[in-house]
Amino acid sequence: MAIAVRRIGGEKSWFCHLHRFFSTSTENAASSISDIEGEFKSLCSAGRIKEAFKTYNAEIWTDQHLFSYLIQSFIPKKSLLIAKQLHSLAITSGYYFKDKFVRNHLLNMYFKMGEIQEAIAFFNAMPMRNIMSHNILINGHVQHGDLESAIKMFDEMPERNVATWNAMVSGLIQFEFNENGLFLFREMHELGFLPDEFTLGSVLRGCAGLRASYAGKQVHAHVLKYGYEFNLVVGSSLAHMYMKSGSLGEGEKVIKAMPMRNVVAWNTLIAGNAQNGHFEGVLDLYNMMKMSGLRPDKITLVSVISSSAELATLFQGQQIHAEAIKAGANSAVAVLSSLISMYSKCGCLEDSMKVLLDCEHPDAVLWSSMIAAYGFHGRGEEAVHLFEQMEQEGVEGNDVTFLSLLYACSHNGLKEKGMGFFKLMVEKYELKPRLKHYTCVVDLLGRSGCLDEAEAMIRSMPLEADVVIWKTLLSACRIHRNADMATRTAEEILRLNPQDSATYVLLSNIHASAKRWKDVSKLRTTMRDRNIKKEPGVSWLEVKNRVFQFSMGDKSHPMSEEIDLYLKELMEEMKLRGYVPDTATVFHDTDSEEKENSLVNHSEKLAIAFGLMNIPPGLPIRVMKNLRICSDCHVAIKLISDIHNREIIVRDTSRFHHFKHGKCSCGDYW
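Reading the values: rules and limits
- Residues numbered from 1 in each chain as written.
- Predicted model: local features only at pLDDT ≥ 70, side-chain atom pairs only at ≥ 80, totals over all residues.
- Heavy atoms only, no water.
- UniProt positions renumbered as here; feature names shortened; annotations may be inferred.
- Buried < 20%, exposed > 50% of the residue type's maximum accessible area, 1.4 Å probe, protein only.
- Helix = DSSP H or I, 4+ residues; strand = E, 2+ residues; numbered from the N terminus.
- Pairing = 2+ DSSP bridges.
- Axes fitted to C-alpha atoms, helices over the stretch in contact; angles between N-to-C directions.
- Parallel < 35°, antiparallel > 145°, perpendicular 65-115°, else oblique.
- Contact = heavy atoms within 4.5 Å.
- Nonpolar A, V, L, I, M, F, W, Y, C, P; charged D, E, K, R; others polar.
- Left-handed = near helix turned anticlockwise from the far one by under 90°.
- Salt bridge = Lys/Arg side-chain N within 4 Å of Asp/Glu carboxyl O.
- Expected span 1.5 Å × (residues − 1).
- Polar contact = N/O pair within 3.5 Å; in protein donor to acceptor, adjacent residues only side chain to side chain.

The name an unreviewed UniProt entry gives the chain is DYW domain-containing protein, with Populus alba x Populus x berolinensis as the organism. Quoted straight from UniProt, the Sequence similarities (unreviewed entry) entry for the chain says "Belongs to the PPR family. PCMP-H subfamily."

As a further point, take the pairing of strand S1 (residues 538-543). In terms of residue burial, S1 counts as a mostly covered element, since five of its six residues are buried. As judged from the six bridges shared by S1 and strand S2 (residues 546-551), these two strands associate in the antiparallel manner. Within S2, the position partnered with Val 543 by the bridge is Arg 546. In textbook terms, the turn of a hairpin is the stretch between consecutive antiparallel strands, and for S1 and S2 this stretch comprises two residues, one of which, Lys 544, has a positive phi near 55°. In this structure, S1 lies alongside strand S3 (residues 621-625), joined through two bridges in antiparallel fashion.

Our focus in this paragraph is the packing of helix H35 (residues 560-576) against helix H38 (residues 631-643). Put simply, H35 and H38 touch, their axes get as near as 10 Å, and they point 90° apart. In terms of orientation, H35 lies roughly perpendicular with respect to H38. From H35, Leu 570, Glu 573 and Met 574 reach across to H38, where they touch Ala 636, Leu 639, Ile 640 and Ile 643. Considered class by class, the residues forming the contact of H35 with H38 number six nonpolar, no polar and one charged.

Look at any regular strand and the pattern is simple: side chains alternate between the two faces of the sheet. Here strand S5 (residues 656-660) lies mainly inside the structure; four of its five residues are buried. Note: strand S4 (residues 648-651) against S5, four bridges, orientation antiparallel. Directly across from Ile 649, in S5, lies its bridge partner His 658. Taken together, S4 and the strand that follows it, S5, pair antiparallel across an intervening segment of four residues. Of the strand pairs in this sheet, S5 and strand S6 (residues 663-664) are connected by two bridges, and their pairing is antiparallel. Bridged to Phe 659 within S6 is Cys 664.

So, about the packing of helix H18 (residues 248-257) against helix H19 (residues 263-275). Packing of H18 against H19 brings their axes to within 10 Å, and their N-to-C directions diverge by 165°. Compared by their axis directions, H18 and H19 come out roughly antiparallel. You can see that H18 and H19 cross each other, and the crossing is left-handed. For the pair H18 and H19, the contacting residues are Leu 248, Glu 252 and Ile 255 in the first and Ala 265, Thr 268, Leu 269, Gly 272 and Asn 273 in the second. Looking at side-chain class alone, the contact of H18 with H19 contains four nonpolar, three polar and one charged residues.

In this section: the pattern of salt bridges. Following the criterion strictly, the structure yields 21 salt bridges and no others. Salt-bridge contacts for Lys 253 lead to Glu 250; the nearest nitrogen and oxygen are separated by 3.6 Å. Of this pair, Lys 253 and Glu 250 both sit in helix H18, three residues apart, roughly one helical turn. What makes Lys 253 exposed here is its relative accessible area of 54%. A salt bridge links Arg 379 to Glu 382, with the nearest nitrogen and oxygen atoms 3.1 Å apart. Assessed through its relative accessible area of 29%, Arg 379 is described here as partly exposed. In this structure Glu 382 comes out as partly exposed when scored by relative accessible area, which is 31%. Among the charged side chains, a salt-bridge network with shared partners connects Glu 455, Arg 459, Arg 488, Glu 492 and Arg 495.

When the UniProt feature table is mapped to this numbering, "repeat: PPR" (unreviewed entry) covers residues 130-164, 262-296 and 363-397. Secondary structure within residues 262-296 divides into 74% helix and 0% strand; the distance between the first and last C-alpha atoms comes to 10 Å. Counted over residues 363-397, helix gives 74% and strand 0%. Its end C-alpha atoms are 9 Å apart.

So, about helix H13 (residues 162-174). Between its first and last C-alpha, H13 extends 18 Å over 13 residues, near the 18 Å set by a 1.5 Å rise per residue. Within the sequence span of H13, burial applies to Thr 164, Trp 165, Asn 166, Ala 167, Met 168, Val 169, Gly 171, Leu 172 and Ile 173. Looking at where H13 begins, the residue whose side-chain oxygen comes 3.2 Å from the main-chain nitrogen of Ala 163 is Asn 161. Among the residues trailing H13, Glu 176 stands out with phi positive, at a value near 65°.

We now examine the sheet that holds S5. Spatial strand order, S2-S1-S3-S4-S5-S6: six strands in an open sheet with mixed pairing. The sheet is open, and its two borders are formed by S2 and S6, each paired with just one other strand. Set on the sheet, helix H37 (residues 603-614) makes contact with S1, S2, S3 and S4; between it and S1 the angle comes to about 15°.

In structure tokens:
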């Protein structure tokens, strides 16, 4: 207690003597005003503010620039007591009345310290205001989430400059009112205000948010017209706009044309490749960035870790984790969340949990990431337990937390708990469900066999149904072999997206299971007429730090013949244990031998055979697949795990499947 009193007393006593210091004449060795300003700023930047004040107190009294810099130096301390003392000194010294810059720096100080009401009161009491005063107020309102007050101030301003327009345009776009931001930019241009790098950067971010490449190209013309094509801020924003709009090549051209690249430019290039699914390219760019001598920051690391997660390249991910620790970025929430996801997607759930436990004060983002990881691995009970632990720690769940919980419950048959969480989310936490939440509930009901209830929810929810939620119901129809509802559901999907190949395949499988070969033939004819092709199944795995990819019918692998022979022997051994190929999943009306041969060559079976041949006994085999695993492969892999006494982990588009001792972690809810 005594220490606290002395600290507070020390702060007060120092400021009580400020005026005395102002009026004391001291000598200094600086030979010019610029030298004094430079030395004063250097001391302040180094955190030696008291020393700077004592050394140059006479100059502060006569040079308002030094006083203004003193105000700026104290902003990071966020002390209202200091702010009030500086405010008082500005009045007693006369700066407050005679210098507009000092007044504006004081106004900015109150806003930057988060003292909103003090700032507004200061603004209202100012003897004279200029455009900068109004601009500071607009920026202050925007920074503190009060867009309505910012717009009101903007509308009431008698005079504006480019900075005023910039503040309002960037504010609208920051709050995702992208169209309004673009309209305001057009109005600004029509009134004769020339855009600068800040205007163009903001407007390009608005175009990216709308994925409006046509509008973006028009802004690109302004960039060229006003000579900002090589500006790092504008160039990065322009590239981001193209990449977010799906034009990765155009975005890369912009970055490559820049005479030099900073970390922001590299991050734009890396993130653009990640957003467009070019994950191998992300890792190549990351290595090139390091070779150029630039140090990756947390934004870089998030993109690269996320790409490693999508590729499931565990060794690469572990290396990047080590680099994040070395760079001191491993404490950033975004990086930690990406690491939890990366280890989870590589099948290393224990490592994901270690990342969470190593964090001293995990927030809702990290808890939610871990809950999602448990759900993705089919460990619904652990996900529920983790949420209960999160609540005990006093961390409040958000909409992402509940999305992860609903997903975990749906993939583990926890219908009652899932519906309870949906109710808890709405009633206790007062969170408004998004379409993704309704999709999880439909999945939960559908997997539990409540198909009518699931369809009723889609048709009665307050949001417009999309393709994803209807496809979720269609998958449930496949599980429970409800051909009539499947046909009705497929019609809804194809009405929204007539080219959705997965819907044709799912419906064909359902008809094939029911031996409705005429319906299967009709669907195949429709696909052929509309030039719709089934997405080929691709599986891959990492062996000795190299990634090997497999697809059905592809004989390009150098070990192709050995793999085929090994699989045939494996199938014979499986049949001795009671394996019967599930030919109902093949929707070609061909003989049993052809269907069986088709099943043997599924990409995940090829990858697993290669893994068994090349990964030492005792180590798990981790396989990734771009499509849902079929029922035949699911049964086959259970048997293979038992025959070879190996843990086989398969990640498909839906979830992880852990096969061990002839069983799968997902039970009957895969």
